[in-house]
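Residue-level listing of the chains:
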Amino acid sequence: MGATAACCVLLILAATAASSVYAQQAGGGCFAGERDALLSFRAGIGKDPQGLLASWSGQDCCLWNGVRCSNTTGHVVELGLRNSFFLDDQFAPVFSNNSHGMRGEISSSLLVLRHLEHLDLSGNYLGGIGVPIPRFLGSLPSLVYLNLSSMDFDGKVPPQLGNLSRLLYLDLNNIWNPNEFYGDDNILHAEDISWLPRLPLLRFLDMSGVNLTAVGNWVQVLSMLSNLRALRLSECHLVFPHTPILHPNLTSLEMLDLTASGIDTLNPTYWFWDVGTIRHLDLTNNIISEPFLDAMGNMTSLEVLKLGGNYLTGVRTEILNNLCNLRVLTLWSNPINQDISEVLKGLPQCAWSKIELLDLSCTNISGEIPKWINQWTNLSILQLSSNRLVGSISTEIGMLSKLNQLYLDGNQLNGSISEEHFTSSVNLEELDLSYNSLHMTISSHWNPPFKLHLAYFPRSKAGPRFPLWLKGQISITNLDISDANIVDYLPDWFWTVFSNVQYLNISCNQISGRLPRTLEFMPSALIFDLNSNNLTGTLPHLPRHLIELDISRNSLSGPLPQQFGAPSLMDLLLSENSINGTIPPYICQLQLLQVLDLAKNCLVGQFPLCPEVSEGRFIKAIILNENNLSGEFPSSLQSFPELILLDLAHNKFGGELPTWIAKKLPDLSYLKLRHNMFSGSIPVELTHLGYLQYLDLDYTSNVFYMVGLDLSCNNLVGDIPVEITSLVNLKNLNISYNGLSGKIPEKIGLLGSLESLDLSCNELSGEIPSGFSDMTMLSKMNLSYNNLSGRIPTGNQLQTLIDPASSYIGNKYLCGLPLSRNCSGPKVFGGDLDKHQGEARFFYLGLAAGFILGLWVVF
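So, a few notes on the structure that sits alongside this text. Small disclaimer: the values here were computed from a predicted structure and weren't measured.

1. Some thoughts on the pattern of salt bridges
Evaluated as defined, the whole model comprises 13 salt bridges. The salt bridge partner of Arg-459 is Asp-483, with a shortest N-O separation of 3.5 Å. Taken together, the residues Arg-459 in the loop between strand 22 (454-456) and strand 23 (478-480) and Asp-483 in the loop between strand 23 and helix 7 (494-497) connect sequence positions 24 residues apart. Across the salt bridge formed by Arg-465 and Asp-488, the nearest N and O atoms sit 3.1 Å from each other. Of this pair, Arg-465 sits in the loop between strand 22 and strand 23 while Asp-488 sits in the loop between strand 23 and helix 7, and the two are 23 residues apart along the sequence. Here Arg-465 falls in the exposed class, since its relative accessible area comes to 57%. A single network of salt bridges, built from pairs that share partners, joins Glu-254, Arg-279, Glu-303, Arg-327 and Glu-356.

Okay, structure coming up:
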């Protein structure tokens, strides 16, 4: 047969095949069976926050989002439904409704897609506790690309994946997995990876976060993958063999990531030193403490070397002399303890003009930044944060025209920063000079050559005038000029210029100005810290995606808006203003709220009634002290089961304390109710608060390690319960200025750690128990203004506290101990209680004791 005839036959066969293909398709669209399979997959998805499957309707599935069909066969060849917001979701509370990933399960209907070459479901939550990677995925014979990373799987990696003989790319990265909160049994793991060599074409393999502890021969197995280009085994709990591999077959490997693998030594027998093709080596976050090896110097192809987060105590820089291709070197968080000039001179001089990224942050390097830093002409990122660098910053640093990120924060640098430092900094986008002793002497008329995205200058002397050169920096997304000695009005252009900001901190200055009525025009804003200034106005309507807001210690006034936006708000701090009116019910709609601080305002009325929700709220702290709030103990608090801190002190709440506090608020650690109008008995159920550390009722629970208890200045009546003597770690006890009667408990001597005791101004009677002599740590005691009588017990400690001439207790007072306290200024540890609020979590430690069973409060 001639060539022309053969071509005709082939064309006829192709046309016949094509007509057969399209005969199977529905109306010229995709194949009906494949469309039905995709619809079955969709049926297994319970939640689709991004609407990735919203377009999945109609006959032609090839037009659906994430679906691609072959131009020649018409079959579905690609299914790409990656959660592109996965990195954002990692910072949302586990299992919160704020995540973007799909939830559900992977349907086995995908087996119908026999021609599928590309499958990417990464970042979606299609696994769960007890849900392993589906074994049937190993029966998709055409797969070339499979990405199942960060999908919440657990259990064993199925060996059936070894059937995918055409696979080039396999990503099973499982580093961020909510199941790890439920123990090691719920972490993706493999006991055998002998199936991997059945993937001879594999070029990319990521098994980071997959527990490979049980796989002792992992090096031998992986060395058979001769086409492998990139290998990521971060956080795999690897066991490193010390026997060298005689004939490693990884002749194509260019990238190796062994981050957080437990490597404790740079053993020269480790197999990767002999892989001469490696260009990227990542040994970050291991426990390496020895100097560099000679073998490292033989890796002449190396371009990226990451050793951050180890314990290297010095850099044998001569070892690196042959690494002339080095572009990236990270040594952060190693105790290098060398002069910066010594470190820099030791790096391969042949690479000075090639290095793009150098990270020496947190390495305890010292000295001055050398002027010859300008020889590193290709430097794009220079990170020297949190060291002991001193002296002024040389203007030569401004000659690095490719510099994109400069981090010098947390050092001891001094001197001035002027325009000359940025002469050639046309590419600079991130600048952090915070926490030094720098003085910014920049002209208000300066027009910078750069467009910053990040500008951090806290504790830099940028004031007293507001730095007007920032006006042109419209690209800034992160701005921090806190504690910068600025005493000025906020410019009228401020909110417009920084309308794209994500993080904004102007706190701890003396900035004046009125807040705009709305900040909703700032769609990217996430964190605002404006505290400790002189800002006025009312609380604005907030940016939609804001998660943290702090405008405490300003001069805001007026009522809170009934709705103020920011539905994802986690922290709302508005204390020490002059805000009046009531707390709006909108607070109840902030499902992700964790901290609410409205203390020291002029708020009135009751705490709003919050309806119970099926999925619990995350609020951890409610601070409402020093307002004029009233009503009963807020019943809405039952909806906040994760509450840890509750401060309602100095308000007008009244009625009885409810019995449900311990049951509904089991994590409560800090409870402050002093100076209210509560009445009735203290519920015995409070004894079940096993995490209670600080209790101030001016009104405790099953706590055995409480060290401070102040119930003074109430109207408590009845006997002092004997159970109080079980608080054996108590150092300070004050129940003065109440109406307590009866005798002092005979076992009070069990309080051997007591340093300060005040029972004054009660109606106590009878003799002082002899156990007082056992309280050898006692240095302050006040029993005055009671009805005590009888002989004072003997004891060296007591004799230092009383007048030795008075050996009997007289009516209404104890001789030699004058009245030293009044309720207008309660004392704790020798100072006003309010002044110790910040210390309370340290002084009032432990788990508190159940004993106030017989005390009653009346008003």
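2. So, the packing of aromatic side chains
One pass over the full model with this rule turns up 22 aromatic pairs. Judged by centre distance (4.3 Å) and plane angle (5 degrees), the ring pair of Tyr-169 and Phe-204 falls under stacked. Taken together, the residues span a long stretch of sequence, with Tyr-169 in strand 7 (residues 169-171) and Phe-204 in strand 8 (residues 204-206) at a distance of 35 residues. Overall, Phe-204 belongs to the buried group, its relative accessible area being 17%. Ring pairs connect the aromatic residues Phe-466, Trp-493, Phe-494, Trp-495, Phe-498 and Phe-528, which therefore count as one cluster.

3. Thoughts on the environment of Ile-129
For Ile-129, the position within the fold is in the loop between strand 5 (118-120) and strand 6 (145-147). Between the C-alpha atoms of Ile-129 and Phe-153, which are 24 residues apart in sequence, the distance is 7.3 Å.

4. Looking at the sheet that holds strand 46 (residues 756-758)
Taken in spatial order, the four strands line up as 42-44-46-48 in an open sheet, and their pairing is parallel. The sheet is open, and its two borders are formed by strand 42 (708-710) and strand 48 (780-782), each paired with just one other strand. Taken pair by pair, the neighbouring strands of this sheet meet at an average axis angle of 10 degrees, ignoring direction. As paired strands, strand 44 (residues 732-734) and strand 46 are joined by three bridges and run parallel to one another.

Reading the values: the criteria
Residues numbered from 1 in each chain as written. Predicted model: local features only at pLDDT ≥ 70, side-chain atom pairs only at ≥ 80, totals over all residues. Heavy atoms only, no water. Salt bridge = Lys/Arg side-chain N within 4 Å of Asp/Glu carboxyl O. Helix = DSSP H or I, 4+ residues; strand = E, 2+ residues; numbered from the N terminus. Buried < 20%, exposed > 50% of the residue type's maximum accessible area, 1.4 Å probe, protein only. Phe/Tyr/Trp six-rings, centres within 6.5 Å; stacked < 30°, edge-to-face > 60°. Pairing = 2+ DSSP bridges. Axes fitted to C-alpha atoms, helices over the stretch in contact; angles between N-to-C directions.

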